[in-house]
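Residue strings, one per chain:
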Amino acid sequence: MKSVLVLVVLTAFCARGSAQEINRFNPDTIKTIQLDSVINIKAQKFGVETFINAIISDNSFYQAFRNMKKYSFIAENNIYTYNKRNKVDGRIYRKIRHTNEGVKKMEYLAKRDTGNVYKKNGKYQLYTLEMFDYIFMNAYQTGFVAEGPMIAGKAGDTNESYKDKLKTLIFAPGRPIKGLPFIGSKTQIFTANMRQYYDYAYQSGTYLDSIPVYWFKVTVKKDLSNGTKKGLMIKELTTIFDKRNFEILGRYVDMKYSNLLFDFDVQMNIETSYFGEEKLPTKITYQGNWDYPFKKEERASFLIVHKDYHLGKGK
């Protein structure tokens, strides 16, 4: 029996099971995927290793963001910040026309800011929002257009370096991230040593009412000790594959970790779709808490929707 799955903010692709979302306002109620019952794939050359190898080697998901530089499109952004009681204390709404007709430009069709969003100097209260702007607001510009393969972060402690590392974590989970103290190797969940801590499941389904997909879910084993579970940074990684070409259409990641330097609890969901023969981003949701020394704890969520893509005349 099929069950329709409603994606609330970062509740991606399935009922959450072992993942634990942050309990607060959810801006995302877009229906995305319909799952069949659990499938038993018996082909000898098809199984867990097939999915893992595809995740590790795939560049098409990241390429979908690079493809945006060729298009004009509309972006709608809803960003929320929260107080310690998880009540909304700031909101940013933006509707932006990104134009690629000769000279690239952004035109604000709507812009509303309320509550505790900016400092007196005009900068964001939260570093999370700065990161949001770098990775997603300017995604069709310098953040994703560099040619060549994506690298797994550069060593160093500058903001630019950490932004590069965050991109690697989002778009290439399973790869090591150099230069992140204490957690760089914890992203390598597909090594022989790390696989003993995770369960794997896959199902068949339909994405956006018409695209046949495989749904592949990696979760922390339930029977591990609490101490072992706490030491695993990636709690869940769910990936949606197009059955027709085995390219990645969507990704959900649930991360939680705490040590003497920082404490974070983050869930992120990213989805793409086809416009003609090109794959392009359509929805990004984020829910997260960050706490690190000498900084105010950061609590934020956002929903980004991209639509109305059409080829621009710019280069």
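Please refer to the structure placed before this passage.
Residues numbered from 1 in each chain as written. Predicted model: local features only at pLDDT ≥ 70, side-chain atom pairs only at ≥ 80, totals over all residues. Heavy atoms only, no water.

*Asks:* Is there a simple way to explain the overall build of the protein in this structure?
*Replies:* A count of helical and extended segments in the protein gives 6 helices and 12 strands. When burial is assessed residue by residue, the protein has 52% of its 315 residues classed as buried. By sequence separation, contacts in the protein at least 24 residues apart represent 60% of the contacts at least 6 residues apart. Split by element, the accessible area of the protein, about 15400 Å² in all, is 52% carbon and sulfur. (Helix = DSSP H or I, 4+ residues; strand = E, 2+ residues; numbered from the N terminus. Buried < 20%, exposed > 50% of the residue type's maximum accessible area, 1.4 Å probe, protein only. Contact = heavy atoms within 4.5 Å. Areas by Shrake-Rupley, 256 points an atom, 1.4 Å probe, with all protein chains shown as cover.)

*Asks:* It is not clear to me how the side chain of N100 should be interpreted in this structure. Could you clarify?
*Replies:* In this fold, N100 is placed in strand β4 (residues 88–101). You can call N100 buried: its relative accessible area is 0%. In terms of polar contacts, N100 uses its side chain to reach the backbone carbonyl oxygen of K70, at 3.5 Å. (Polar contact = N/O pair within 3.5 Å; in protein donor to acceptor, adjacent residues only side chain to side chain.)

*Asks:* I tried to follow the pattern of salt bridges on my own but got confused; where do I start?
*Replies:* One side chain can pair with another of opposite charge once the charged atoms of both are near each other. All told, the structure shown has 8 salt bridges when counted by the stated rule. Here E76 ties to K307 by a salt bridge, and the two come within 2.7 Å at their closest N and O atoms. Here E76 is found in strand β3 (residues 71–82), whereas its partner K307 is found in strand β12 (residues 298–311), with 231 residues between them in sequence. With relative accessibility at 30%, the residue K307 sits in the partly exposed group. The salt bridge involving K279 is made with E247; its shortest N-O contact spans 3.3 Å. Taken together, the residues span a long stretch of sequence, with K279 in strand β11 (residues 278–291) and E247 in the loop between β8 (234–242) and β9 (248–258) at a distance of 32 residues. The partly exposed category is assigned to E247, whose relative accessible area is 28%. (Salt bridge = Lys/Arg side-chain N within 4 Å of Asp/Glu carboxyl O.)

*Asks:* Would you take a moment to explain unusual backbone geometry for this structure?
*Replies:* Phi is positive for N86, close to 60°, though the residue is something other than glycine. For N86, a relative accessible area of 22% puts it in the partly exposed group.

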